[in-house]
Protein chains: 2
Amino acid sequence: MSSVYRKIKGGITAPLGFLSSAVSAGVKNPDAERLDMALISSEMECVAAGTFTTNRVKAAPVKVSQTHLRDGNVRAILVNSGNANACTGVSGLQDARKCTRIVGKLLDLKQSQVAVCSTGVIGLPMPMVRIEPKLSDLVTGLKRKEGTAVAQAIMTSDTCHKEISVSLTIAGKKVKIGSCAKGAGMINPHMATMLCFVTTDAKLTKDALSAFVSQSVETSFNRITIDGDMSTNDSVIMLANGACGGGAIRRGTADAKKFQEALDYVMLEMAKSLVRDGERVTKFVTVNVKGAKSYNDAKKVAEAVANSSLVKCSWNGNDPNWGRIIHAVGYSKAMVKEELIDIHIGGLAACLGGLEANVSMDALRKKVAADAFIIEINLNLCEGEYTIYSSDLSPEYVDFNRSEYAYWKQARKDGLTKQ
Amino acid sequence: MSSVYRKIKGGITAPLGFLSSAVSAGVKNPDAERLDMALISSEMECVAAGTFTTNRVKAAPVKVSQTHLRDGNVRAILVNSGNANACTGVSGLQDARKCTRIVGKLLDLKQSQVAVCSTGVIGLPMPMVRIEPKLSDLVTGLKRKEGTAVAQAIMTSDTCHKEISVSLTIAGKKVKIGSCAKGAGMINPHMATMLCFVTTDAKLTKDALSAFVSQSVETSFNRITIDGDMSTNDSVIMLANGACGGGAIRRGTADAKKFQEALDYVMLEMAKSLVRDGERVTKFVTVNVKGAKSYNDAKKVAEAVANSSLVKCSWNGNDPNWGRIIHAVGYSKAMVKEELIDIHIGGLAACLGGLEANVSMDALRKKVAADAFIIEINLNLCEGEYTIYSSDLSPEYVDFNRSEYAYWKQARKDGLTKQ
């Protein structure tokens with residue numbers, strides 16, 4: 001934690017001028033009573049920016065939100081869990097647009113001022129019959145302190161909700177940043193099946209906000225991997241309404257640097273919390289590569305190690321298997337010299353100059369048995385560095401992901417699909 | 001099967017003029033009596049060619065064999081399982097070279113005429129104290145019909161040995177090709193923790209043999225994936241001794257085409273057998289991509305689908321989850337248009353034009369429940385095609401790969417490691 005900002009309570013409604021609400025619509029299961037729809041809204045005009053999945057198969061709400069963020073002045077975000085509205089074709093787009101139209105009307109906003117996000121199973125139509133009647137409940141339920149309910153409503157296979165907020169002082173004004181996010185499978189560098197919403201009462205231009213968001217996403221959500229898969233629905237959307245007062249934070253200033261530092265922290269904490277709560281994950285592993293020929297080479301090595309099934313299996317088994325790590329380093333396509341590679345596990349040398357280090361196996365094993373540890377790989381070639389946050393791969397992960405079939409079958413019975 | 005060749009018995013000693021032997025040296029475990037060292041040798045001069053792992057961290061025997069294949073007239077192959085002799089530095093290289101020197105002397109060959117291969121755990125020194133005394137036993141034990149013993153001696157986590165042989169007629173002469181191979185983890189396109197040896201009594205120039213081998217490897221071992229990891233030791237080595245008589249098969253001729261077809265078959269059958277016997281694999285899945293903008297795009301899509309943990313988990317669970325398949329198609333970085341993508345599972349349409357097809361879920365599920373099935377992905381853009389042979393990912397795979405620690409600990413006790 002830095003001296004620039006401090007953690008406060010409140011999540012996305014901690015910043016001034018933001019309202020939220022959440023309801024239970026039974027999107028996935030009509031009989032379940034869990035919160036699964038939410039709305040975030042700014043009381044005043046605001047600027048918005050977002051980053052989205054780079055998957056070429058994009059969910060309908062991603063397409064709609066990208067357009068609205070580009071062309072409109074987004075002031076509200078509608079979100080549901082339980083159905084991804086992905087691979088749903090023209091009717092999926094119509095459903096997403098219809099939701100933004102209805103919410104816009106109820107909030108007295110243009111349709112283009114409402115962004116929309118969905119997360120859940122791919123390939124099933126949205127149960128609009130259950131969603132539509134809840135939209136007015138969401139609008140009438142908007143409150144100033146309901147941030148946690150939104151964090152809960154967006155959960156899918158997450159086991160806990162994730163939110164954070166910080167405050168910092170910029171030009172004598174108290175600025176707040178709040179955020180909530182969800183994981184927990186299909187998590188890979190360059191976005192994942194994750195949603196993250198960020199609010200701030202700082203005053204920012206749209207361009208400045210976009211730049212802040214892009215930079216923070218690059219060092220947070222683009223640095224995490226759970227299972228190497230990349231989802232169709234990943235979205236980070238940030239709203240800045242200027243409610244804290246004062247002038248706009250201009251890029252390139254000391255104030256901008258402070259704001260970026262705080263936003264980096266918020267997004268990185270959210271990103272790390274997704275890894276910690278990854279599907280059936282038991283370990284949080286930081287893979288830190290240094291000494292690479294370039295930034296890109298360091299990235300290749302970090303991604304190869306952090307995504308190797310065999311490496312991740314060994315972490316699950318408390319196995320300090322540096323042989324599997326160096327084999328992943330070798331196939332990463334980065335420039336490496338085997339005889340220069342050092343690997344430290346939890347601060348202990350496991351491999352020095354490409355050879356087994358003179359170290360106690362039991363000491364190494366204790367490092368890997370911890371809930372969280374750092375793998376440091378030094379290629380000893382140049383200055384390239386990169387860090388990724390990863391997890392182990394457990395038999396329970398595979399078991400958990402073996403079958404969604406029962407759900408699909410039920411969905412058919414519910415009349416959600418064509419046949 | 002084609003009319004060009006027919007399957008025969010005998011493995012690598014089916015072709016004329018090849019000898020082999022196998023012994024138990026206790027490379028991994030001094031107390032175990034399984035075969036773990038083998039020797040293949042041609043009775044006469046021959047030409048040799050090989051392809052090796054593209055991992056930048058290469059095992060010592062890979063480095064030695066590459067040099068010998070380039071500079072020498074390799075006529076014998078020494079191989080052990082139980083220890084990879086990878087990440088073993090200068091002493092590992094010395095060990096590998098020493099073995100080739102001893103075997104060369106015993107066979108009255110130059111050191112550079114002996115190739116050497118190892119497979120097993122990475123990062124441990126070779127137990128030369130147990131290996132060296134067995135080298136003369138291997139040489140004195142050479143016989144004409146011992147091919148199967150070699151196939152057995154190279155097994156690691158394989159559950160069965162793999163061998164094949166075919167005969168074909170070229171220019172009136174009966175030509176034979178024999179092969180044996182081992183898997184079974186770290187299997188990924190571009191070679192794996194696999195070894196494959198191929199013998200033929202055809203007469204070939206070294207250049208012709210290299211070309212034949214490269215082409216067959218490209219359509220066989222470079223097309224299989226089990227766990228997305230790529231080993232430090234992968235090697236395919238082929239020997240051609242011309243013992244069948246007649247002139248050399250020249251490239252670009254009809255005879256060469258016949259020989260290539262037979263060799264393609266031999267290597268593809270070996271490659272497929274590695275997938276079928278992949279670690280804790282329950283399904284053999286052919287991923288066939290067509291309609292891509294280019295060959296490379298088709299390859300990207302096939303590799304993304306065949307390596308997706310989530311897709312492989314769903315196959316394990318008999319789950320015809322085309323949503324996960326299309327999400328992998330989307331992140332493959334190939335050019336795709338979501339609304340044009342068709343996915344057939346076992347011949348049944350699961351997704352047409354990016355949307356769920358009108359198909360019985362139970363019928364689809366039966367297709368995925370089979371031991372082997374084909375996933376056909378048509379991008380409907382152009383003519384690019386690519387096929388990969390893949391498998392499911394099981395909880396048992398992860399469990400199997402969780403820990404080698406017990407082995408390492410034993411290795412320390414055996415004095416195999418420094419401490």
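All figures in this text were calculated on a predicted structure; none of them were measured in a lab.

**Describing the overall build of chain A**
Each helix and strand in chain A was counted, giving 13 helices and 16 strands. The C-alpha atoms of chain A give 22 Å as radius of gyration, which agrees with the globular expectation for 419 residues (22 Å, within 12%). Summarising its shape, the C-alpha atoms of chain A cover approximately 70 × 60 × 30 Å along the three principal directions. Here chain A holds 419 residues, and the buried ones make up 62% of them. Considering only contacts in chain A between residues 6 or more positions apart, those separated by 24 or more positions represent 80%.

**Quick word on the sheet that holds strand 13 (residues 348–352) of chain B**
Residues and elements named next belong to chain B. The strand order across the open sheet formed by six strands is 14-13-12-15-11-16, and the pairing between neighbours is mixed. The sheet is open, and its two borders are formed by strand 14 (355–356) and strand 16 (384–391), each paired with just one other strand. By the bridge criterion, two bridges tie strand 13 to strand 14 in an arrangement that is antiparallel. What sits directly across from leucine 352, in strand 14, is leucine 355.

**A closer look at the nonpolar core**
One finds Val301, Val305 and Val329 of chain A together with Val301, Val305 and Val329 of chain B to be the most contacted residues of the largest nonpolar core, which totals 268 residues. Setting aside residues no more than four positions away along its own chain, valine 305 of chain B makes contact with Val287, Val311, Ile325, Ala328, Val329, Ile375 and Ile377 of chain B.

**Here we look at the pairing of strand 7 (residues 162–170) of chain A**
Along any regular strand, the residues point their side chains to alternate faces of the sheet. Residues and elements named next belong to chain A. Most of strand 7 sits inside the fold, with seven of its nine residues counted as buried. Sheet topology note: the strand 1 (residues 5–8)/strand 7 ladder contains four bridges and is antiparallel. Bridging from a neighbouring strand, tyrosine 5 pairs with leucine 168 of strand 7. Pairing of strand 7 with strand 8 (residues 173–182), which is carried by nine bridges, proceeds in the antiparallel orientation. Across the sheet, valine 166 pairs through a bridge with isoleucine 177, a residue of strand 8. Here strand 7 folds back onto strand 8, and the loop between the two strands holds two residues, one of which, alanine 171, carries a positive phi near 50°.

**Some remarks on the packing of helix 2 (residues 89–106) of chain B against helix 3 (residues 128–140) of chain B**
Residues and elements named next belong to chain B. At a minimum axis separation of 9 Å, helix 2 and helix 3 run at an interaxial angle of 25°. Taken as axis vectors, helix 2 and helix 3 run roughly parallel relative to one another. In the packing of helix 2 onto helix 3, the handedness of the crossing is right-handed. When helix 2 is examined against helix 3, the residues Asp95, Cys99, Ile102, Val103 and Leu106 are found in contact with a partner set consisting of Met128, Ile131, Glu132, Leu135, Ser136 and Val139. Classifying every residue of the contact of helix 2 with helix 3 by side-chain character gives eight nonpolar, one polar and two charged.

**Comments concerning the pairing of strand 16 of chain B**
Residues and elements named next belong to chain B. Burial analysis of strand 16 places six of its eight residues in the buried class, which makes it a mostly covered element. As paired strands, strand 11 (residues 284–292) and strand 16 are joined by seven bridges and run antiparallel to one another. Its bridge partner being in strand 16, valine 289 is matched across the sheet by tyrosine 386.

**So, the environment of methionine 335 of chain A**
All names here are of chain A. Looking at the secondary structure, you find methionine 335 in the loop between helix 10 (322–331) and strand 12 (342–345). C-alpha of methionine 335 to C-alpha of aspartate 392: the two residues are 57 residues apart in sequence and 26 Å apart in space. Ignoring anything within four residues of it in the chain, the contact list for methionine 335 reads Lys293, Asp297 and Leu381.

**Quick notes on the packing of helix 9 (residues 309–316) of chain A against helix 10 of chain A**
Residues and elements named next belong to chain A. Viewed as axis vectors pointing N to C, helix 9 and helix 10 meet at an angle of 160°, and their least axial separation amounts to 9 Å. As the angle between them shows, helix 9 and helix 10 are arranged roughly antiparallel. As for how helix 9 packs across helix 10, the hand of that crossing is left-handed. Between helix 9, through Leu310, Val311 and Ser314, and helix 10, the contact on the second element is made entirely by Arg324, Ile325 and Ala328. Taken together, the residues of the contact of helix 9 with helix 10 break down into four nonpolar, one polar and one charged.

**Focus: the domain arrangement of chain A**
Looking at chain A, the domain boundaries give domain 1 (5–276) and domain 2 (284–393). Computed over C-alpha atoms only, the centres of domain 1 of chain A and domain 2 of chain A are separated by 34 Å.

**Side note on helix 9 (residues 322–331) of chain B**
Every α-helical turn comprises 3.6 residues, leaving residues that sit three or four positions apart pointing alike. Burial analysis of helix 9 of chain B places 10 of its 10 residues in the buried class, which makes it a mostly covered element. What helix 9 of chain B keeps buried is the set Trp322, Gly323, Arg324, Ile325, Ile326, His327, Ala328, Val329, Gly330 and Tyr331 of chain B. Residues of helix 9 of chain B that are buried in the fold lie against strand 6 (114–121) of chain A together with helix 7 (295–307), helix 8 (309–316), strand 12 (342–345), strand 13 and strand 15 (372–378) of chain B. Just beyond helix 9 of chain B, the residue with positive phi is lysine 333 of chain B, at close to 75°.

**Points about unusual backbone geometry**
Residue and element names in this part refer to chain A. Even without being glycine, aspartate 108 reaches a positive phi, approximately 60°. Along the chain, aspartate 108 turns up in the loop between helix 2 (89–107) and strand 6. A positive phi angle is found at asparagine 380, which is not glycine, with a value near 55°.

**Concerning the confidence of the model for chain A**
Residue and element names in this part refer to chain A. On average, residues of chain A score 88 in pLDDT, and 91% of them are at 70 or above. Note on residues 187–192: pLDDT under 50 across the span, and 32 contacts to partners over four residues away in sequence or across chains. With a pTM of 0.79, the predicted complex shows an ipTM of 0.72.

**Re the sheet that holds strand 13 (residues 348–352) of chain A**
All names here are of chain A. The six strands lie next to each other as 14-13-12-15-11-16, forming an open sheet whose pairing is mixed. Because the sheet does not close on itself, it has two edges, and the strands there are strand 14 (355–356) and strand 16 (384–391). Of the strand pairs in this sheet, strand 11 (residues 284–292) and strand 15 (residues 372–378) are connected by seven bridges, and their pairing is parallel. Paired with lysine 290 across the strands is asparagine 378, a residue of strand 15. Packed on one face of the sheet, helix 7 (residues 254–276) meets strand 11 and strand 16 and runs near 45° to strand 16.

**Notes on the environment of leucine 263 of chain B**
Topologically, leucine 263 of chain B is positioned in helix 6 (residues 254–276). C-alpha of leucine 263 of chain B to C-alpha of alanine 96 of chain B: the two residues are 167 residues apart in sequence and 29 Å apart in space.

The rules behind these values
- Residues numbered from 1 in each chain as written.
- Chains lettered and ligands numbered in written order.
- Predicted model: local features only at pLDDT ≥ 70, side-chain atom pairs only at ≥ 80, totals over all residues.
- Helix = DSSP H or I, 4+ residues; strand = E, 2+ residues; numbered from the N terminus.
- Rg over C-alpha atoms; globule rule 2.2 N^0.38 Å.
- Buried ≥ 20, exposed ≤ 12 C-beta atoms within 10 Å, placed from the backbone.
- Contact = placed C-beta atoms within 7 Å.
- Pairing = 2+ DSSP bridges.
- Core = buried A, V, L, I, M, F, W, Y, C linked by C-beta atoms within 7 Å.
- Axes fitted to C-alpha atoms, helices over the stretch in contact; angles between N-to-C directions.
- Parallel < 35°, antiparallel > 145°, perpendicular 65-115°, else oblique.
- Left-handed = near helix turned anticlockwise from the far one by under 90°.
- Nonpolar A, V, L, I, M, F, W, Y, C, P; charged D, E, K, R; others polar.
- Domains from an automatic or database assignment.
- pLDDT = per-residue confidence, 0-100.

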